[in-house]
Every structure is written in C-alpha cells, then in structure tokens.
Amino acid sequence: MTIEVPCVAAIMMPDVFTPNGDGYNDKLYAIIPGIKLLRTFEIYNRLGNLVFSTADPSKAWDGTYKGKLCPTDYYIYYISYKGKKTVTRYAKGVLFLIR
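Residues numbered from 1 in each chain as written. Predicted model: local features only at pLDDT ≥ 70, side-chain atom pairs only at ≥ 80, totals over all residues. Heavy atoms only, no water.

**A few points about the packing of aromatic side chains**
Here is step 1 of the chain: Throughout the structure, instances matching the rule amount to 5 aromatic pairs.
Here is step 2 of the chain: A centroid spacing of 4.6 Å and a plane angle of 50° characterise the contact between Tyr 74 and Phe 96, whose relative ring orientation is tilted. Residue Tyr 74 is found in strand S6 (residues 73–82), and its partner Phe 96 is found in strand S7 (residues 88–97); the two are separated by 22 residues along the sequence.
Here is step 3 of the chain: Ring pairs connect the aromatic residues Phe 17, Trp 61 and Tyr 75, which therefore count as one cluster. (Phe/Tyr/Trp six-rings, centres within 6.5 Å; stacked < 30°, edge-to-face > 60°. Helix = DSSP H or I, 4+ residues; strand = E, 2+ residues; numbered from the N terminus.)

**Description of the sheet that holds S6**
Here is step 1 of the chain: On the basis of which strands lie adjacent, the open sheet formed by 5 strands has the order S1-S7-S6-S2-S3 and mixed pairing. One side of each edge strand has no neighbouring strand; the edge strands of this open sheet are strand S1 (16–17) and strand S3 (50–54).
Here is step 2 of the chain: The pairing of S1 with S7 spans 2 bridges and is classified as parallel. What sits directly across from Val 16, in S7, is Phe 96. (Pairing = 2+ DSSP bridges.)

What follows is the structure, encoded as structure tokens:
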C-alpha cells in the first residue's frame, strides 16, 4: 500500500527581529523551503503603512524605511508564494523589531 501525503511549504519567520548591526538577525528574509515563486513579501508598520516590499527571495528587510531606522515596535508581514504545485499560498503574521 502506498500513501501519498501532500507537502505544504512551511514559512520560517522569526517572532523577534533585532537589526542592531551585531551580525545576528540584522536582516529579515522570507524563508520558504521548496518555494517555486515568491510573489510578494511585505512588511507593514502598526499604522498599516508599507515599509518594505519585494518579490525577490534574495532580498531582505534591514529594519529601515526610506533610509531611516524603524523604531522598536510590532510589524506585520504578508507573504504570497507558489510551492511545488501551481496554487498560490498566503501567510501573514506579526513580528517584533527590537533596537
């Protein structure tokens, strides 16, 4: 007997982000194993303003907006991507930026 189990790519996103220049957790990437296509990776501040956006999985958010440091606060991420199948999947969550 063979049982097939569909595999859904798991988003790997930290709860806390510390872009303080120490070389650890200074950039935030959308890490999705098995991804075929990243459609959007967006970061919004508490007021709902878009502070970062990319469709390039090699680009990361460094905790700045228009060249200025974003303050310690909660931020919302939104990701849409395609995994092994052609279905577009979505993920969203909250992370905390600490200076």
